[in-house]
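# Examining the three-dimensional arrangement
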Amino acid sequence: MNIGIVGLPSSGKSTLFNALTRGAAETGRFGSGRAEINQGRVLVPDERLGWLAGVYSPKKRTPASVDFLDAPGVRPGDSARGAASLISDLRTVEALLQVVRVFPDDSVPSPSGSVDAVRDAQDLDAEFLLADLAVAENRLKRLESDRSKGLSTPELAEEEAVLGRVRDGLEEGTAIRCLGLDRREMLRLKGFAFLSAKPQILVGNVGEEEPGGGSADAGLRQLASETGREYLAVSAQIESEIARMDEEEAGAFLEDLGIAEASRGRVIRTCFDLLSLISFFTFGEDECKAWTLPKGSSAVEAAGKIHSDISRGFIRAEIEPFEEFKAAGTWAAAKDAGKFRLEGRDYVMRDGDCVVFRFNV
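Residues numbered from 1 in each chain as written. Predicted model: local features only at pLDDT ≥ 70, side-chain atom pairs only at ≥ 80, totals over all residues. Heavy atoms only, no water.

### Re the overall build of the chain
Across its full length, the chain carries 14 helices and 13 strands. Each of the 361 residues in the chain was classed as buried or not, and the buried ones make up 47%. For the chain, the proportion of contacts with a sequence separation of at least 24, taken over those separated by at least 6, is 69%. (Helix = DSSP H or I, 4+ residues; strand = E, 2+ residues; numbered from the N terminus. Buried < 20%, exposed > 50% of the residue type's maximum accessible area, 1.4 Å probe, protein only. Contact = heavy atoms within 4.5 Å.)

### What about the state of the cysteines?
Across all of its chains, the model carries 0 disulfides by this definition. Just so you know, cysteine 354 is unpaired, no disulfide at all, and the nearest cysteine sulfur is the one on cysteine 288, 9.2 Å from it. Taking the relative accessible area as the measure of exposure, cysteine 354 reaches 0% and is therefore buried. (Disulfide = S-S within 2.5 Å.)

### Some points on the packing of helix α4 (residues 117-148) against helix α7 (residues 218-226)
Contact geometry of α4 with α7 gives a least axis separation of 8 Å together with a crossing angle of 35°. Only Gly219, Leu220 and Leu223 of α7 make contact with α4, whose side of the interface consists of Ala117, Val118, Ala121 and Gln122. Across the contact of α4 with α7, the residue classes break down as 5 nonpolar, 2 polar and no charged. (Axes fitted to C-alpha atoms, helices over the stretch in contact; angles between N-to-C directions. Nonpolar A, V, L, I, M, F, W, Y, C, P; charged D, E, K, R; others polar.)

### Overview of the pairing of strand β7 (residues 200-205)
The buried fraction of β7 is high, at 6 of 6 residues. Burial along β7 is two-sided: the residues Gln200, Leu202 and Gly204 and Ile201, Val203 and Asn205 are all buried. Direction of pairing for strand β6 (residues 95-101) relative to β7: parallel, over a ladder of 6 bridges. Paired with leucine 96 across the two strands is glutamine 200, which belongs to β7. (Pairing = 2+ DSSP bridges.)

### A closer look at the side chain of glutamine 200
Residue placement: glutamine 200 occurs in strand β7. Under the relative-accessibility criterion, glutamine 200 is labelled buried at 2%. When neighbours within four sequence positions are excluded, glutamine 200 is seen to be in contact with Leu96, Gln98, Asp125, Phe128, Arg177, Arg229, Glu230 and Leu274.

Structure (structure tokens):
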């Protein structure tokens, strides 16, 4: 799973990126616009994996992971000025985390001259819409040219119709994710990697005095609801301070602030929910591992995540839900308690399934 962190300059997006990745960043990677892009991998905290590792004491414990990409700040008008290449680097990510600064700070001037969270979010939205509109219009011109030469097919005609709806919606200021396109139409658009079609989380970077958000970010919350986005209030500065602490210090710091948990976990969980992902687990003395899978995936698809041979030679999946596994204490005890199940290749995997695949190749 890879998530692009975007925002206007001085929005706090890089501060949040550093807090989330805790310095685990690969710097000096260049995008198509030759601008430096930072990328960091975050290991997903999961108490279930910790419990399995406690039972098996494996040689290796492998959590699920999320890759965060910190792109350069996008300024209003970048698309019109020909800086769209900076935006195009974001087309490879699965979802966008849009950071918007809510609080004023004289030491960090806003590039727009003042802090207005709703305006700033809408300015960045406009850049994405313009970038997508340019892609849609270019493709429509080529399709029209092909059609005039008699080169059209039913598939291309369908693509042209969908892109026409997209163009009209973008011209009216509507993100593609809000156009009500069905699954077939979205699949037709997949190759374009439209930015406004991607799932998106709107993050209000709130001040340290109001870490949970409040009146200052009320407009941003409303905008997120109106534009089909998840919303999170995060204090990037507080998260940055927490990232430099050990676990005990961080816990005491959060308690003093009256915060239940650091935003790192909330951000990761929201990303999983946004992309409709679940985790399943394999376990043993060699390795305990969390695997990420789209909701609705079958057992044979889960097997393929591990190795194509397991999928190809699939016989059955032996499954125990994690909570029942934990309650029983051991795999064998869960079997004896009747919680063990044998499932076929079409079984729909559930979050927390602990599984042993039987296969033959």
